[in-house]
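Single-letter residue listing:
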Amino acid sequence: PHSFAITVHASRLGPRELVPATVMAKLWGGRFTGKTDPVMEGFNDSLGVDKVMWAADLDGSVAYSKALQAAGVISQEEGEAIRDGLGKVRAEWAAGAFEVKAGDEDIHTANERRLTEIAGAVGGKVHTGRSRNDQVVTDLRLHLRHMSATLGDLLVDLITVAAKRSSAEADYLMPGYTHLQSAQPIRWGQWMLAHAWAWKRDGDRLKQAVERMNECPLGSGALAGNPFGIDRAQISTELGFNQPTPNSVDSVSDRDFVVELSAWASLLMVHLSRFAEDLIVYSTQEFGFVRCGDSYSTGSSLMPQKKNPDAAELLRGKSARVIGHHVALLTMLKGLPTAYNKDLQEDKQALFDTLETVEAALKIASGVLATLEPQPERMRAALNSFMLATDLSEYLVRKGVPFRETHHVAGRAVQLAEEKGCALTTLSVDELRSLHPLFEEDVLAVWDFEASVERRDSIGGTSKRRVLEQATQLQAWVAAYAGGEATTAKKARIS
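Values in this document were obtained by computation on a predicted structure and should not be read as measured data.

A word on the overall build of the protein chain. Each helix and strand counted, the protein chain has 18 helices and nine strands in total. In terms of C-alpha radius of gyration, the protein chain reaches 30 Å, well past the compact-globule figure of 23 Å for 495 residues. Across its three principal axes, the protein chain shows a C-alpha extent of roughly 100 × 55 × 40 Å. Among the 495 residues that make up the protein chain, the fraction classed as buried is 48%. In the protein chain, the share of contacts with a sequence separation of at least 24, taken over all contacts with a separation of at least 6, comes to 75%. Just so you have it, the protein chain exposes about 22900 Å², and 55% of that area is on carbon and sulfur atoms. Each charge class in the protein chain can be summarised by its mean position, and for the 55 positive and 64 negative side chains these summaries are 1 Å apart.

Structural data, given as structure tokens:
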């Protein structure tokens with residue numbers, strides 16, 4: 001009977017096209033005599049997930065071959081033959097022409113099998129002293145470093161949109177809400193910046209996570225270290241890491257960086273979900289504060305008048321998916337004995353799907369925010385007189401009355417207006433004076449939404465000056481972050 005190979009495109013496994021092929025002996029097969037159950041073959045196979053690390057896997061093998069050569073384990077001629085072969089394997093992946101064959105159970109097996117076909121028996125020397133245990137965790141760190149640079153760029157794009165819009169639309173006033181009840185007037189730009197500052201923290205956390213991730217485990221072997229005198233510091237530098245990992249056992253079992261990136265993604269998606277929830281509410285006919293762009297909305301198959309904020313709803317919904325992956329990772333790790341276990345193969349499917357979801361979510365969020373159409377007239381019309389009750393209490397504070405007393409006085413003013421069925425702003429000076437003798441004619445100046453917003457002029461407040469200041473600060477952060485990302489991106493693309 002024929003064995004089969006699979007034609008694979010570099011980006012994603014499509015329908016499997018079976019063609020006859022010669023099966024390479026398994027990397028671990030020497031001790032075994034019986035055949036592997038076909039169901040076990042499929043259960044064990046991870047290539048459909050980890051093939052996205054093909055470039056990182058080749059980068060690691062190039063660096064490792066140089067370390068073997070420097071240690072005298074292979075000759076210069078052998079090292080050059082290996083690296084030349086790896087270059088040809090890279091070209092096949094890049095062109096979408098790499099042919100996966102039966103027995104290629106993971107990206108490491110596939111690349112070494114193809115290297116040996118191209119370079120001959122010398123290709124088998126590239127794995128000298130190396131285990132898939134230290135190989136896979138090195139590949140994963142390299143790949144995630146590259147992906148993190150991409151995600152950082154997308155986060156910067158989103159924050160840039162928010163900072164620019166908040167400046168351009170700083171004159172728009174809207175109700176601010178607590179408990180989803182109207183609270184105080186704020187600027188539309190202040191609302192956008194509230195989300196942008198959360199995203200900025202996400203950017204800071206991502207950079208910190210990448211810094212902690214950026215240690216090199218290659219050369220740790222299966223768990224006990226490398227016996228051939230290779231220079232792990234040289235490998236670390238070659239691959240753009242900050243330093244080698246300090247303990248070989250921990251090196252192959254550590255997935256802190258996976259959990260940390262997953263936690264980062266979960267929190268980011270929570271922030272995007274809350275942003276989306278606001279837009280879902282604000283875009284309803286009852287609020288009408290914003291209109292979502294047609295590019296990020298859909299209609300109803302039954303009701304022709306509907307314009308649904310599906311992009312925002314999916315941002316909210318997909319946050320649950322990412323959080324679920326995070327819980328799965330923690331659950332998978334919690335009972336593992338020290339050092340490598342095959343359970344760790346399951347880290348990539350959860351994390352890669354998470355990061356793919358986050359990448360799409362950041363693009364969608366930027367598009368939604370960039371095309372959003374605010375309705376300043378509706379926002380202003382939603383401002384109500386009772387939102388100035390705090391300003392009324394502060395009027396008396398400025399006359400020396402203790403705040404706790406003024407709070408109760410303003411509360412009685414609200415009660416009086418409700419009993420009369422009128423706006424707080426229509427209470428006469430005499431009616432206010434009946435509540436406290438220090439109310440004078442100048443109290444009428446309190447009934448001004450613009451003045452109320454401008455009085456909130458402390459750092460981070462919602463006065464126009466402070467909103468513009470925040471937008472400037474975020475744009476400065478973006479410029480600094482982008483400069484740092486250039487260095488990270490250079491490390492992430494060493495070949």
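With that settled, consider the nonpolar core. Core analysis: the largest hydrophobic core is formed by 97 residues, its most contacted members being Leu144 and Trp199. Here this core gets 15 residues from one element, more than from any other, and that element is helix H6 (residues 132-168). Within the second largest apolar cluster, 21 residues are counted, among which are Ala389, Tyr395, Leu396 and Val429.

This next bit is on a nonpolar patch on the surface. A grouping of Leu267, Val270, Ile323 and Val327 is seen on the molecular surface, where their side chains present a nonpolar patch of about 270 Å² in accessible area. By secondary structure assignment, the location of Val270 is in helix H10 (residues 256-282).

Before going further, it helps to examine the side chain of Ser463. Looking at the element boundaries, Ser463 is found in the loop between helix H17 (449-455) and helix H18 (464-492). Under the relative-accessibility criterion, Ser463 is labelled buried at 0%. Side-chain polar atoms of Ser463 contact the side chain of Asp457, separated by 2.6 Å. If sequence neighbours within four positions are ignored, Ser463 has contacts with Arg187, Val453, Glu454, Arg456 and Asp457.

Turning our attention to empty space enclosed by the protein. Applying the stated criterion to the full structure yields one cavity of 30 Å³ or more. As a volume, the largest cavity reaches approximately 50 Å³. Only helix H3 (54-70) and helix H5 (107-119) provide two or more residues apiece to the lining of the largest cavity. Looking at which element gives the most residues to the lining of the largest cavity, the answer is H5, with four residues. Within the lining of the largest cavity, the residues separate by chemical class into four nonpolar, four polar and three charged.

Moving on: the packing of aromatic side chains. A complete count under the given rule lists 13 aromatic pairs for this structure. Here the aromatic residues Tyr177, Trp188, Trp191, Trp199, Phe275, Tyr282, Phe287 and Phe289 are joined through ring pairs into a cluster of three or more. Positioned above the aromatic ring of Phe241, the side-chain terminus of Arg145 is 4.9 Å from the ring centre. Taking NZ or CZ as reference, Lys207 lies 4.1 Å from the ring centre of Tyr481, over its face.

A few words on the packing of H10 against helix H12 (residues 346-371). For the pair H10 and H12, interaxial distance at closest approach is 10 Å and the crossing angle is 30°. Between H10 and H12, the crossing angle belongs to the class labelled roughly parallel. Considering the relative orientation of H10 and H12, their crossing is left-handed. Counting all contacts with H10, which are made through Val258, Leu261, Ser262, Trp264, Ala265, Leu268, Met269, Leu272, Phe275 and Leu279, the residues of H12 involved are Asp347, Leu351, Thr354, Leu355, Val358, Ala361, Leu362, Ala365, Val368 and Leu369. In the contact of H10 with H12, the residues fall into 17 nonpolar, two polar and one charged.

Attention now moves to H3. Taking 1.5 Å as the rise per residue, H3 with 17 residues should run 24 Å; its terminal C-alpha atoms sit 25 Å apart, in good agreement. Burial analysis of H3 places 13 of its 17 residues in the buried class, which makes it a mostly covered element. Looking one or two places after H3, you find Gly72, whose phi comes out positive at around 80°.

With that out of the way, let us pick up the pairing of strand E5 (residues 181-187). Two elements, strand E4 (residues 173-178) and E5, share six bridges in a ladder whose sense is antiparallel. In the strand pairing of E5, Gly176 is matched with Gln184. Remark: two residues form the turn of the hairpin made by E4 and E5, two consecutive strands paired antiparallel; His179 in that turn has positive phi of roughly 60°.

Across the protein chain, the average pLDDT comes to 91, with 91% of residues at or above 70. Ignoring residues within four places in sequence, the model shows residues 1-23, a span with pLDDT below 50, making 46 contacts including any to other chains. Contacts of residues 486-495 to residues separated by more than four positions or lying in other chains number 19 contacts, the stretch itself having pLDDT below 50.

It is worth spelling out the packing of H6 against H10 at this point. Where H6 meets H10, the closest approach of the two axes is 11 Å, and the angle between their N-to-C directions is 20°. Classified by the angle between their axes, H6 and H10 sit roughly parallel to one another. For the pair H6 and H10, the sense of crossing is left-handed. The segment H6 lies against H10, with Val137, Leu140, Arg141, Leu144, Ser148, Leu151, Leu155 and Leu158 engaging Phe257, Val258, Leu261, Trp264, Leu268 and Leu272.

Turning to helix H14 (residues 389-397), a few remarks are in order. For H14, a buried count of seven out of nine residues is recorded, marking the element as mostly surrounded by other parts of the structure. Regarding H14, the residues found buried are Ala389, Asp391, Leu392, Ser393, Glu394, Tyr395 and Leu396.

Within the secondary structure, Ser266 sits in helix H10. We classify Ser266 as buried; its relative accessible area is 7%. The contacts of Ser266, once residues within four sequence positions are left out, are Val322, Ile323 and His326.

The phi dihedral of His179 falls on the positive side, at around 60°, and the residue is not glycine. Inspection of the secondary structure assignment puts His179 in the loop between E4 and E5. Non-glycine residue Leu180 carries a positive phi angle of around 60°. Its place among the elements puts Leu180 in the loop between E4 and E5. Residue Leu180 is classed as exposed on the basis of its relative accessible area of 56%.

Procedures and definitions
Residues numbered from 1 in each chain as written. Predicted model: local features only at pLDDT ≥ 70, side-chain atom pairs only at ≥ 80, totals over all residues. Heavy atoms only, no water. Helix = DSSP H or I, 4+ residues; strand = E, 2+ residues; numbered from the N terminus. Rg over C-alpha atoms; globule rule 2.2 N^0.38 Å. Buried < 20%, exposed > 50% of the residue type's maximum accessible area, 1.4 Å probe, protein only. Contact = heavy atoms within 4.5 Å. Areas by Shrake-Rupley, 256 points an atom, 1.4 Å probe, with all protein chains shown as cover. Lys, Arg positive; Asp, Glu negative; His and termini not counted. Charge placed at Lys NZ, Arg CZ, Asp CG, Glu CD. Core = buried A, V, L, I, M, F, W, Y, C linked by side-chain atoms within 4.5 Å. Patch = residues over 30% accessible without salt bridge, like charges linked within 9 Å, V, L, I, M, F, W, Y side chains within 5 Å. Salt bridge = Lys/Arg side-chain N within 4 Å of Asp/Glu carboxyl O. Polar contact = N/O pair within 3.5 Å; in protein donor to acceptor, adjacent residues only side chain to side chain. 1 Å grid on protein atoms, 1.4 Å probe; cavity = no way out; pocket = protein on both sides within 12 Å on 5 of 7 lines; lining within 4 Å. Points joined across faces, edges and corners; volume = space filled by probe spheres on them. Nonpolar A, V, L, I, M, F, W, Y, C, P; charged D, E, K, R; others polar. Phe/Tyr/Trp six-rings, centres within 6.5 Å; stacked < 30°, edge-to-face > 60°. Lys NZ or Arg CZ within 6 Å of the ring centre and 35° of its normal. Axes fitted to C-alpha atoms, helices over the stretch in contact; angles between N-to-C directions. Parallel < 35°, antiparallel > 145°, perpendicular 65-115°, else oblique. Left-handed = near helix turned anticlockwise from the far one by under 90°. Expected span 1.5 Å × (residues − 1). Pairing = 2+ DSSP bridges. pLDDT = per-residue confidence, 0-100.

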